[in-house]
Amino acid sequence: MKDPKELLGFLKRLEEQVISTNPDEPSLLAKFKNFDHLKGDGEFGAGLASHILQRVKSATTAIKTDAEHLALDAELLEKLAKDLLAKEHSGESPLEALEDTLEHSHLTDDLADLESALADIKYRAAFLKVRAWLSEPGNRLPAGYGRADDFGTARVELFAGWNKKNMVPVNAPVSTPQLWNVDEYAWLHWNANTNSVIQRSIGESIGVGATYNPKTLTTSVPISKQMHVEEQILKVLPPQWPGEIFGKPDQKKVAAGRTIFEEQCKGCHTPAGRDEKGLLEFNLLTVKEAGTDSLDATNFDRPVYKADDSTVGFAVSIETLLTELQTTQKKTMSDADKSLMDTLEAKRSPVKWRDTMTVTGGPVYPAKPLEGTWSTGPFLHNGSVPTMYHLLLPADQRPKKFFVGSNDFDPEKLGFHYETDETPSKYLKAFEFDATVKGNFNTGHEFGTDLSEEDRMALLEYLKTHKDNLDDIQNKFVPPAE
Ligand code: HEC
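Keep in mind that this is a model prediction, so the values were computed, not measured.

## A look at the overall build of the chain
Phase 1: When helices and strands are counted, the chain shows 19 helices and 14 strands.
Phase 2: Here the chain, with 482 residues, has 36% of them falling under the buried criterion.

Listed below in structure tokens is the structure:
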């Protein structure tokens, strides 16, 4: 810090960021006409004045250690502050007025660090307020294990500050999807809305509470570490049915099941083709065609309100933010991490986020490949059907209330123990899933639901052994006409 104006600029920011976190309340410092007035204003004023002087003193000490810097001491600054504060600046915060009278200069690293810590505290404070709001009854549908509504949470956390209308209930928790072969997927997420693995991860982290500073574009998301996790994800292979534990599939049933699969499932669940980068495009079903709970897909497409009540697409809003974060953070990375980022995004550049409402003709759910899916229950994007067996029953015969949290696998029905909350897991307390609540609906996807019990069991037997053979998919994907 070279001179008093920097400290005063800093104090002004301190005032903005920490003291007056609520934009609707007038600045707390604005009412003080001068420094003595502040000092004399009861416990609060005296405390703050002493705090400011303390800061001045420590800054002074820091400055004194650098001979080239202007010598400055607390008394000098206090005198200066008194002089300037004595001048009345109607309607203006005294600290702002002070700063106006002084020329602008850069903050020292220490103060810049402190400032960014304060911005972080401010963000945290806003975050906690939003969290408090989310924890009020009706504002968030309980997700239970293995589910989260990151986009819903992100909408509230990122955009509540723009306009209170963005504080909408978070009501569409979705399951963690299977991770194998994701490096081949053209579009990620249950509603196929982005092609970027990096921004998918940054966005999800912010959606569950990581911080970022909109001014400096710093973030608590450990992007480099996430990229290393991503590298590991690329090694995940579809699980193979462990016949030695669960029993070998009955080959006769498998053969019968294969025929049913080919007739009733394959058309949708085989990828539609490869895009220009060689990535797999899936068949997309509109929410009406899929018939499954619509909220995850439709919520994403809802616009974001700006301060003046005009709206902007959610996809565009997060793309702007995440791209800025990604590019800024990339600059600070080691060369090795930069090149890892390039590798991970090689087929995903330029980054795309799509508002499926406008791009695919409405909110959609993709039909993904099904190899190893037997291990991923509960099923559907919102984890609303406990076992594959139940997915192959008409919607009104699927359990409306069931328990999740068990690691006890059912090799007949293909899913986890769900019927009672008794000893489902050594580690987890059972969570009761309520499929009668919107967001948790387990309607739709009534494909293969009119099979006889025998055929249903044969199809399940086949699904234990199903291979996607993704390498065979080489046809060029032709996007449907808009
Ligand atoms: C008309 C297209 C279509 C047909 C036919 C179809 N599916 Fe699907 N399937 C989908 C879509 C779309 C989804 C995603 C729905 C969602 O998550 O809301 C899906 C989801 C699934 C899931 C859940 C995957 C997961 O990760 O939770 C399974 C399992 C599944 N289908 C199995 C089958 C089987 C077995 C058949 C044949 C009897 C079949 N599907 C027929 C389109 C189809």
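## Quick notes on the site of the ligand
Phase 1: In the vicinity of the ligand lie 22 residues, with Cys265, Cys268, Thr292, His381 and Gly448 positioned nearest.
Phase 2: Looking at the shell around the ligand, the elements with two or more residues in it are α12 (266-269), β10 (364-367) and α18 (388-391).
Phase 3: Considering each element in turn, the shell around the ligand owes the most residues, three residues, to α12.

## Considerations on the environment of glycine 448
Phase 1: Tracing the chain through its elements places glycine 448 in the loop between β14 (431-434) and α19 (453-465).
Phase 2: Taking the C-alpha atoms as reference points, glycine 448 and leucine 459, eleven residues apart in sequence, are found 9.2 Å from one another.
Phase 3: Ignoring anything within four residues of it in the chain, the contact list for glycine 448 reads Gln264, Cys265, Leu392 and Leu459.

## Comments concerning helix α7 (residues 150-159)
Phase 1: Here α7 lies mainly inside the structure; nine of its ten residues are buried.
Phase 2: Inspection of α7 places Phe151, Gly152, Thr153, Ala154, Arg155, Val156, Glu157, Leu158 and Phe159 among the buried residues, and these make up the whole buried set.

## Comments concerning the packing of helix α9 (residues 223-233) against helix α16 (residues 335-344)
Phase 1: Two elements in contact, α9 and α16, have axes whose closest approach is 10 Å; the angle formed by their N-to-C orientations is 50 degrees. Here α9 is positioned oblique relative to α16, judged by the angle of their axes. Seen along the crossing, α9 lies across α16 with a hand that is left-handed. Contacts from Ser224, Met227 and Glu230 in α9 reach Asp337, Leu340, Met341 and Leu344 in α16.
Phase 2: Among the residues making up the contact of α9 with α16, the classes are represented as four nonpolar, one polar and two charged.

## Re the nonpolar core
Generally speaking, soluble globular proteins have nonpolar side chains that are buried together.
Phase 1: If you look at the biggest cluster of nonpolar residues, it comprises 39 residues, and the most contacted ones within it are Ile202, Ile206, Phe282, Ile318 and Tyr365.
Phase 2: Every element with two or more residues in this core is listed here: α7, α8 (197-207), α13 (287-290), α14 (295-300), α15 (314-331), α16 and β10.
Phase 3: In this structure, isoleucine 202 is in contact with Val221, Ile223, Leu322, Leu325 and Gln326, ignoring residues within four places of it in sequence.

## Quick look at the environment of glycine 383
Phase 1: For glycine 383, the location among the structural elements is in the loop between β10 and α18.
Phase 2: In this structure glycine 383 comes out as buried when scored by C-beta crowding, with 25 C-beta atoms within 10 Å.
Phase 3: Along the sequence, glycine 383 and arginine 147 sit 236 residues apart, while their C-alpha atoms lie 7.7 Å from each other.

## Looking at α15
An α-helical turn contains 3.6 residues, so a residue and the one three or four places further along point in the same direction.
Phase 1: In a regular helix each residue adds 1.5 Å, so 18 residues correspond to 26 Å; α15 covers 26 Å between its end C-alpha atoms and thus fits that length.
Phase 2: Among all positions in α15, only Phe314, Ala315, Ser317, Ile318, Glu319, Leu321, Leu322, Leu325, Gln326 and Gln329 are buried.

## Details of the packing of α7 against α8
Phase 1: Between α7 and α8, whose axes approach to 8 Å, the crossing angle comes to 70 degrees. As judged from the angle between their axes, α7 and α8 are roughly perpendicular. Crossing of α7 against α8: the hand is left-handed. Residues Asp150, Phe151, Thr153, Ala154 and Leu158 of α7 lie in contact with α8, whose contacting residues are Gly203, Glu204, Ile206 and Gly207.

## A look at unusual backbone geometry
Phase 1: In this structure, proline 350 follows serine 349 across a cis peptide bond, with omega equal to 0 degrees.
Phase 2: Mapped onto the elements, proline 350 comes out in the loop between α16 and α17 (356-359).
Phase 3: With an omega of -5 degrees, the peptide bond running from glycine 377 to proline 378 counts as cis.
Phase 4: For proline 378, the location among the structural elements is in the loop between β10 and α18.
Phase 5: Despite not being glycine, asparagine 181 shows a phi value in the positive range, around 65 degrees.
Phase 6: Examined against the element boundaries, asparagine 181 turns out to sit in the loop between β2 (174-175) and α8.

## Description of the confidence of the model for the chain
Phase 1: Mean pLDDT over the chain stands at 83; residues scoring 70 or higher make up 75%.
Phase 2: pLDDT under 50 marks residues 66-73. Its contacts with residues more than four places away, or in other chains, come to eleven contacts.
Phase 3: The low-confidence segment residues 101-107 (pLDDT under 50) makes 13 contacts with residues lying over four places distant or belonging to another chain.

## Description of the environment of threonine 176
Phase 1: Position of threonine 176 among the secondary structure elements: in the loop between β2 and α8.
Phase 2: Measuring from C-alpha to C-alpha, the distance between threonine 176 and glycine 383 comes to 8.6 Å, with 207 residues separating the pair along the chain.

Rules used in this analysis
Residues numbered from 1 in each chain as written. Predicted model: local features only at pLDDT ≥ 70, side-chain atom pairs only at ≥ 80, totals over all residues. Helix = DSSP H or I, 4+ residues; strand = E, 2+ residues; numbered from the N terminus. Buried ≥ 20, exposed ≤ 12 C-beta atoms within 10 Å, placed from the backbone. Near = placed C-beta within 6 Å. Contact = placed C-beta atoms within 7 Å. Axes fitted to C-alpha atoms, helices over the stretch in contact; angles between N-to-C directions. Parallel < 35°, antiparallel > 145°, perpendicular 65-115°, else oblique. Left-handed = near helix turned anticlockwise from the far one by under 90°. Nonpolar A, V, L, I, M, F, W, Y, C, P; charged D, E, K, R; others polar. Core = buried A, V, L, I, M, F, W, Y, C linked by C-beta atoms within 7 Å. Expected span 1.5 Å × (residues − 1). pLDDT = per-residue confidence, 0-100.

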